[in-house]
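An overview of the molecular structure
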Amino acid sequence: MKFAIQVNEGPYQHQASDSAYHFTKAALEKGHECFRVFFYHDGVLNGTRLTTPPQDDRNVVNNWVELAEKYDLDLVVCVAAAQRRGIVDEGEAERNGKDATNIAPRFRISGLGQLVEAAIQCEKLVVFGD
Amino acid sequence: MSELHTVNKSPFEKNSLETCLRLSKAGSSILLYEDAVYGALKNTVITDLVSSAAGDRKVYVLEPDLKARGLSADRVIEGVEMVDYAGFVDLVDASNKVQAWV
Amino acid sequence: MSDTKKFMFLNRRAPYGTIHAWESLEVVLIAAAFEQEVSLMFVDDGVFELVKGQDTSEIGMKNFSPTYRTLGDYEVRHMYVDKASLEARGLTAEDLVEVEWEDWETEETVDNIVEVVDSDKVVELMEESDVVFSF
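What counts as what
Residues numbered from 1 in each chain as written. Chains lettered and ligands numbered in written order. Predicted model: local features only at pLDDT ≥ 70, side-chain atom pairs only at ≥ 80, totals over all residues. Helix = DSSP H or I, 4+ residues; strand = E, 2+ residues; numbered from the N terminus. Rg over C-alpha atoms; globule rule 2.2 N^0.38 Å. Buried ≥ 20, exposed ≤ 12 C-beta atoms within 10 Å, placed from the backbone. Contact = placed C-beta atoms within 7 Å. Pairing = 2+ DSSP bridges. Nonpolar A, V, L, I, M, F, W, Y, C, P; charged D, E, K, R; others polar. Axes fitted to C-alpha atoms, helices over the stretch in contact; angles between N-to-C directions. Core = buried A, V, L, I, M, F, W, Y, C linked by C-beta atoms within 7 Å.

Looking only at helices and strands, one finds five helices and five strands in chain A. Secondary structure elements of chain A occur, N-terminal to C-terminal, as β-α-β-α-β-α-α-β-α-β. Against the 2.2 N^0.38 benchmark of 14 Å for 130 residues, chain A shows a C-alpha radius of gyration of 14 Å, consistent with a compact globule. Overall, chain A is about 40 × 40 × 25 Å in size when its C-alpha atoms are taken along their principal axes. Residues counted as buried form 48% of the 130 residues belonging to chain A. In chain A, of all internal contacts separated by at least 6 residues, the share reaching a separation of at least 24 is 75%.

Before going further, it helps to spend a moment on the pairing of strand β4 (residues 107-110) of chain A. A regular strand places its side chains so that they alternate between the two faces of the sheet. Residue and element names in this part refer to chain A. Residues of β4 alternate between two faces, with F107 and I109 buried on one and R108 and S110 left unburied on the opposite face. Pairing analysis gives four bridges linking strand β3 (residues 75-78) to β4, with the strands arranged parallel. Bridged to V77 within β4 is I109.

We now examine the interface of chain A and chain B. If you look at the interface, chain A gives 17 residues, while chain B gives 12 residues. Elements with a contribution of two residues or more to the side of chain A that touches chain B: α1 (16-29) and β5 (124-128) of chain A. Sorting elements by how many residues they give to the side of chain A that touches chain B places α1(A) first, with five residues. In terms of residue class, the side of chain A that touches chain B is built from eight nonpolar, six polar and three charged.

What follows covers the sheet that holds strand β4 (residues 81-83) of chain B. All names here are of chain B. What the five strands build is an open sheet, ordered β4-β3-β2-β1-β5; its pairing is parallel. The sheet is open, and its two edges are formed by β4 and β5 (97-101), each paired on a single side. If you compare each strand with its neighbour and ignore which way they point, the axes differ by 25° on average. For strand β2 (residues 29-32) and strand β3 (residues 58-62), the ladder comprises four bridges, and the chain directions are parallel. In the sheet register, I30 faces β3, and the bridge partner there is V59.

For sheets, the rule is that strands pair by backbone hydrogen bonds, running either parallel or antiparallel. All names here are of chain C. Pairing is parallel across the open sheet formed by five strands, whose spatial order is β6-β3-β2-β1-β7. Strand pairing shows two members of the sheet lacking a second neighbour, β6 (114-117) and β7 (131-134), which therefore form its edges. Within this sheet the neighbouring strands show an average axis-to-axis angle of 25°, counted without direction. Lying over the sheet, helix α1 (residues 20-33) contacts β1 (6-11), β2 (37-42) and β7, oriented at roughly 170° with respect to β1.

A separate point is the nonpolar core. Judged by nonpolar contacts, the single largest core of 108 residues is most densely connected at F38(A), C78(A), L32(B) and M41(C). For C78(A), the residues in contact, after removing those within four places along its chain, are F38(A), F39(A), Y40(A), V44(A) and L112(A).

Taken together, the 14 residues of chain C in the interface contact 14 residues of chain A. Every element with two or more residues in the side of chain C that touches chain A is listed here: α1 and β7 of chain C. Within the side of chain C that touches chain A, the residues separate by chemical class into eight nonpolar, three polar and three charged.

Structure representation (structure tokens):
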């Protein structure tokens, strides 16, 4: 099965990001193909490398990064949602005159078309959110 | 092939489960996860509704979420099947599409 | 399978209290540009998104309600409203915005593509869709 994941919620506030991560990991371990993980709404907050949870808590951002490294996952943060919530990569910093970036490694910022394309390309779209 | 409906809200707080039960077809599957696992319990105000849905639809509950909330298998409505994340993946794989009642 | 998929956008959120309704609408506008068959379904509090006469001037938020009326121009062909959700909220079809649609090539027009449907029809329409988007 070729599937796409949509994450609508930020990490920590809601379980959605954890559920999406565990689902994606289980599917990849079963040999399915994950075309893309698309982060929307507050879900874009999964893509900041500045996240610093306490040591006895899981690191949701790093979980995604490690999964992406192992399976070459495409982690896409919606640009419009990211701009609203201050998730910035080098290109965005330059375009919008910001003095810093915070995008986590393996994540990239792109348009909503990436979600639509994923829905067209994949057999299943699985949505996690609040 | 039929649809998989996913519900993640407690039925005691939001109406997602009720709407899902009203708007899902006989033969479809429903997975309760996150706070929706509370909808799989016996002796609640929503038990009858879920039990009767389990008559013509297949109702599943995500065991890791049940366990996390201190709920054991014997609290789950008869006919509701427990699955883990691998089982969740299999349900998605076997469906023709997934409809999330987030 | 053809290149065109039937996309159904399931709207179950009220406007303004959270950003869900607005950001969902942004995806609808993009999806239509991909030449897919796009329909919208309004269920539960989602029916409040279509209520006429929204005025956000005193809450400092953008009034995105006029955008719904332009969806016909984005080749959205159907906007369905769940009757039970509407009635449960004390509303009727008259309380909702009207959305005109026109086919640029054939000049065929529909005065209002907002249609109130019963539960059986909702189930049928959802089943016919290839992808259901939820926000």
